[in-house]
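The residues making up each chain are set out below.
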Amino acid sequence: MTSPSPLRLERFVKQRDDFRLGPIDVVLEPGLTYALVGPNGSGKTTLLKCLMNLMKPTSGKLEIFGHTYEREEQAIMTQVAFVPDPLDGCEPFTLWQMRDFIGSWYASWDDDDFARRAASFRIPLDKRYGKMSQGERKKAALTLALSTHAPLLLLDEPTNGLDIASRNRLKQMLVEDAEIMERTVVLSTHSVEDIRQFADCILLLRNGALEGPYEKDALVASWSRLWLSREPLPSLADIPGAVDWSEVPFPQLVTCDRTTTLAFLSENGIQVTKEQPLPLDELLDRLLEKSAR
Ligand SMILES: Nc1ncnc2c1ncn2[C@@H]1O[C@H](COP(=O)(O)OP(=O)(O)OP(=O)(O)O)[C@@H](O)[C@H]1O
């Protein structure tokens, strides 16, 4: 029997006033990191809040490791850790006090590991959350979430406010953790660097509609900018995979399906004079644009 997916959504909808998230159908695989990417207001936080049970869906099904919040909330809460943005209600508490509360939920909690992560992030255990800077708050929340060793991590903009050293420490922790445990991570982000550093797969959200997951390396390999020789060229619509075209200063096109486009150009005797992979930020921008059409 196969083990249940870390996260499965079926016809999942959340209505917030005139904004509708979904319907979403998606199944995540264990052990992968998914970047949830989309413009402001596209529904990333709404989706994460629903996954954390901080908001109830309007309709549809949400399963975490085969459990639903309606029937088995307790079972879910021991398998999921989250870093909301920010940790509301924790202002009066120190990190040590928060550990008393959160650590007691998780069988796999390890105090030594918690202290080691806090020290690595240079967060004092006795400072109140309300008196921490934005970056310190984020590191406090990450320290708590990572120390749970929960097999599903939900992170809302986890690197927001982190300095360069802390971002590197987070990356290092995730890499080290991946060697000893199978953990699925869903992280919402506006940072191309986060996607580059952390993501295996990309989930795109646009106006509440979810697309993907796309495998990041496959995306990067299939999108490309090609410069062509100046033969009489077919129209863009006739070139399979082409998503954009420009004549100046030299004919060039952007393809989302490099292999197919190159095969077509070769069959039609059109020479490619130069090729460049598309930068990730441009790729994501174009992918969002494409999904909007
Ligand atoms: N408190 C609220 N009450 C009603 N509707 C809301 C509320 N907050 C957000 N919304 C609606 O939900 C939509 C999605 O918001 P959400 O915060 O999930 O987007 P997001 O993708 O996380 O945005 P950002 O990238 O700006 O953080 C918004 O466009 C807005 O219409």
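Report on the accompanying structure. Everything numeric here is computed off the predicted structure, so don't read it as measured data. (Residues numbered from 1 in each chain as written. Predicted model: local features only at pLDDT ≥ 70, side-chain atom pairs only at ≥ 80, totals over all residues. Heavy atoms only, no water.)

1. Structural notes on the sheet that holds strand β6 (residues 152-156)
Through backbone hydrogen bonds, the strands of a sheet pair up, either in parallel or in antiparallel fashion. Counted only if it meets this: For two strands to pair, DSSP has to find at least two bridges joining them. Counting from the N terminus, the helices are DSSP H or I runs at least four residues long and the strands are E runs at least two residues long. The angle between two axes is taken between their N-to-C directions and runs from 0 to 180 degrees, where each axis is a line fitted to C-alpha atoms and a helix contributes only its stretch in contact. Contacts were defined at the residue level, with two residues in contact if any of their heavy atoms lie within 4.5 Å.
The six strands are arranged β5-β6-β7-β3-β8-β9 in an open sheet whose pairing can be described as mixed. The strands lining the two open edges of the sheet, one partner per strand, are β5 (80-83) and β9 (209-215). The sheet shows a mean angle of 15° between the axes of neighbouring strands, taken without regard to direction. Two elements, β5 and β6, share four bridges in a ladder whose sense is parallel. For Ala81, the partnering residue across the bridge sits in β6 and is Leu153. Strands β3 (33-37), β6, β7 (184-188), β8 (201-206) and β9 of the sheet are contacted by helix α1 (residues 44-51), whose axis makes an angle of about 145° with β6.

2. Digging into the site of the ligand
Note the following rule: The near set for a molecule or strand comprises every residue that places at least one heavy atom within 4 Å of it. Any N or O atom pair separated by 3.5 Å or less is treated as a polar contact, with the protein-specific requirement of one donor-capable and one acceptor-capable atom, and with residues adjacent in sequence counted only for side-chain atom pairs. The protein chains shown are the only cover counted for residues, whose accessible areas, like all others here, come from Shrake-Rupley with a 1.4 Å probe. When residue character is reported, Ala, Val, Leu, Ile, Met, Phe, Trp, Tyr, Cys and Pro are called nonpolar, Asp, Glu, Lys and Arg charged, and the others, Gly included, polar.
Neighbouring residues of the ligand: 13 residues in total, closest Gly41, Lys44, Thr45, Thr46 and His190. With respect to the ligand, the side chain of Arg16 contributes an N or O atom lying 3.3 Å from a nitrogen atom. In the model, an oxygen atom of the ligand is placed 2.5 Å from a nitrogen or oxygen of the Thr46 side chain. When isolated, the ligand has an accessible area of 640 Å², and the protein chains bury 63% of it. Taken together, the residues of the shell around the ligand sort by class into two nonpolar, seven polar and four charged.

3. A word on the packing of aromatic side chains
Defined as follows: Two rings belonging to Phe, Tyr or Trp (six-membered ring only in the last case) form a pair when the distance between their centres is within 6.5 Å. Interplanar angles under 30 degrees mark stacking, angles over 60 mark edge-to-face geometry, and anything in between is tilted. When a residue's accessible area, from a 1.4 Å probe over protein chains only, is under 20% of the maximum for its type it is buried; when over 50% it is exposed; and in between it is partly exposed. Throughout this description, the term charge over a ring refers to an Arg CZ or Lys NZ atom that lies within 6 Å of the ring centre and within 35 degrees of the ring normal.
Tallied over the full model, the rule gives two aromatic pairs. Between Trp109 and Phe114, the aromatic rings sit 5.3 Å apart at their centres with planes inclined by 40°, giving tilted as the arrangement. Taken individually, Trp109 and Phe114 each receive the classification buried, so the pair is uniform in this respect. Chaining the aromatic ring pairs together yields one cluster made of Trp96, Trp109 and Phe114. A cation sits over an aromatic face here: Arg137 above Tyr129, 4.9 Å from the ring centre.

Functional significance is not addressed by these values, which are geometric in nature.
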